[in-house]
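# Structural overview for review
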Amino acid sequence: MQSRQAAGSRITRLGTLEDALKRVYRAASLLQVAHARNVLITAGIECELRNQYLAGALGDLPMMETWPQLYVDDDDETLALRALARAAAAPAGTMWTCSGCGEQLEPQFTQCWLCGAAGPPRGV
Ligand SMILES: [Zn+2]
């Protein structure tokens, strides 16, 4: 009987922990999620990356549930969402055009994803 009680209280505690975290971001690409995590870390917000290696492993789950996703503390949710929105609205830098193939690239890329040519020098 005692062990049964112990198991019950453990589940309750885990459930409480779960509630204290809020999912603020998810995407099919780990690269995008890693970028979002950098945004949060830069803003001084602790976050937790989940499902990093899960994609494709759980065939029974809806696709989006297997995506990499970012969780933050309940108290940081508003702050985190604001930081992410700000990062999405105003990327640090300007779009650049690849000298190798003419592809338009977003500022966070230092290299052309299409042909591999290096981007313009940074921090100017
Ligand atoms: Zn290129």
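Before reading on, note that the structure itself is shown above.
Thresholds applied
- Residues numbered from 1 in each chain as written.
- Predicted model: local features only at pLDDT ≥ 70, side-chain atom pairs only at ≥ 80, totals over all residues.
- Heavy atoms only, no water.
- Helix = DSSP H or I, 4+ residues; strand = E, 2+ residues; numbered from the N terminus.
- Buried < 20%, exposed > 50% of the residue type's maximum accessible area, 1.4 Å probe, protein only.
- Contact = heavy atoms within 4.5 Å.
- Salt bridge = Lys/Arg side-chain N within 4 Å of Asp/Glu carboxyl O.
- Phe/Tyr/Trp six-rings, centres within 6.5 Å; stacked < 30°, edge-to-face > 60°.
- Lys NZ or Arg CZ within 6 Å of the ring centre and 35° of its normal.
- Donors = N, O, S within 2.8 Å, 3.2 Å for Na, K, Ca; no water.
- Tetrahedral: all angles 85-135°; square planar, octahedral: opposite > 155°, others 65-115°.
- Pairing = 2+ DSSP bridges.
- Axes fitted to C-alpha atoms, helices over the stretch in contact; angles between N-to-C directions.
- Core = buried A, V, L, I, M, F, W, Y, C linked by side-chain atoms within 4.5 Å.
- Expected span 1.5 Å × (residues − 1).
- Arc of directions from axis to C-beta.

Glancing now at the overall build of the protein chain. The helix and strand tally for the protein chain stands at three helices and five strands. When the helices and strands of the protein chain are placed in sequence order, the string is α-β-α-β-β-α-β-β. Counting across all 124 residues of the protein chain, residues that qualify as buried make up 19%. Here the analysis covers contacts within the protein chain between residues at least 6 apart in sequence; of these, 46% occur between residues at least 24 apart.

Our next topic: the pattern of salt bridges. Opposite charge on two side chains permits pairing when their charged atoms draw close. Under the definition given, this model contains one salt bridge. Taking the shortest distance from any N to any O, the salt bridge between Arg50 and Glu48 comes out at 2.9 Å.

Before going further, it helps to examine the packing of aromatic side chains. Counted under the stated rule, the structure contains zero aromatic pairs. Positioned over the ring face of Tyr71 is Arg50, at 4.2 Å from the centre of the ring.

Bringing the coordination of the zinc ion into the picture now. Perfect tetrahedral coordination of a metal by four donors corresponds to 109.5 degrees between them, and perfect octahedral coordination by six donors corresponds to 90 or 180 degrees. Surrounding the zinc ion are the protein donor atoms Cys98 (SG), Cys101 (SG), Cys112 (SG) and Cys115 (SG), at 2.3 Å. Because the angles between the four donor atoms bound to the zinc ion fall within 103 to 117 degrees, the donor set is best described as tetrahedral. Spacing between the donor residues of the zinc ion along the chain follows C-x2-C-x10-C-x2-C.

Turning our attention to the sheet that holds strand S3 (residues 69-73). Spatially, three strands are ordered S1-S3-S2 in an open sheet, and the strand pairing comes out antiparallel. In this open sheet, the two strands that pair with only one neighbour each are strand S1 (21-26) and strand S2 (47-50). Averaged over neighbouring strand pairs, the angle between their axes works out to 30 degrees when direction is ignored. As paired strands, S1 and S3 are joined by five bridges and run antiparallel to one another. Each residue of the ladder has a partner; that of Leu21, found in S3, is Asp73. Contacting S1 and S3, helix H3 (residues 77-89) runs over the sheet at an angle of about 10 degrees to S1.

Counting 13 residues, the largest nonpolar core has Val24, Leu40, Ile45, Leu70, Val72, Ala80 and Leu84 as its most contacted members. Where this core is concerned, the elements lending two or more residues are helix H2 (30-42), S3 and H3.

Turning next to H3. Taking 1.5 Å per residue, 13 residues should reach 18 Å; H3 reaches 18 Å between its end C-alpha atoms and fits that length. The complete set of buried residues in H3 reads Ala80, Ala83 and Leu84. Down the axis of H3, the smallest arc covering the buried residues is 95 degrees, so these residues share one side. Exposed side of H3, more than 90 degrees from the buried face: Arg86 and Ala89 are the residues found there.

Our focus in this paragraph is the environment of Tyr25. As for its position among the elements, Tyr25 is in strand S1. Of the residues examined, Tyr25 reaches a relative accessible area of 23% and is grouped as partly exposed. For Tyr25 and Ala36, which are eleven residues apart along the polypeptide, the C-alpha to C-alpha distance reads 7.5 Å. The contact partners of Tyr25, leaving out residues within four places of it in the chain, are Gln32, Val33, Ala36, Pro68, Gln69, Leu70 and Leu84.

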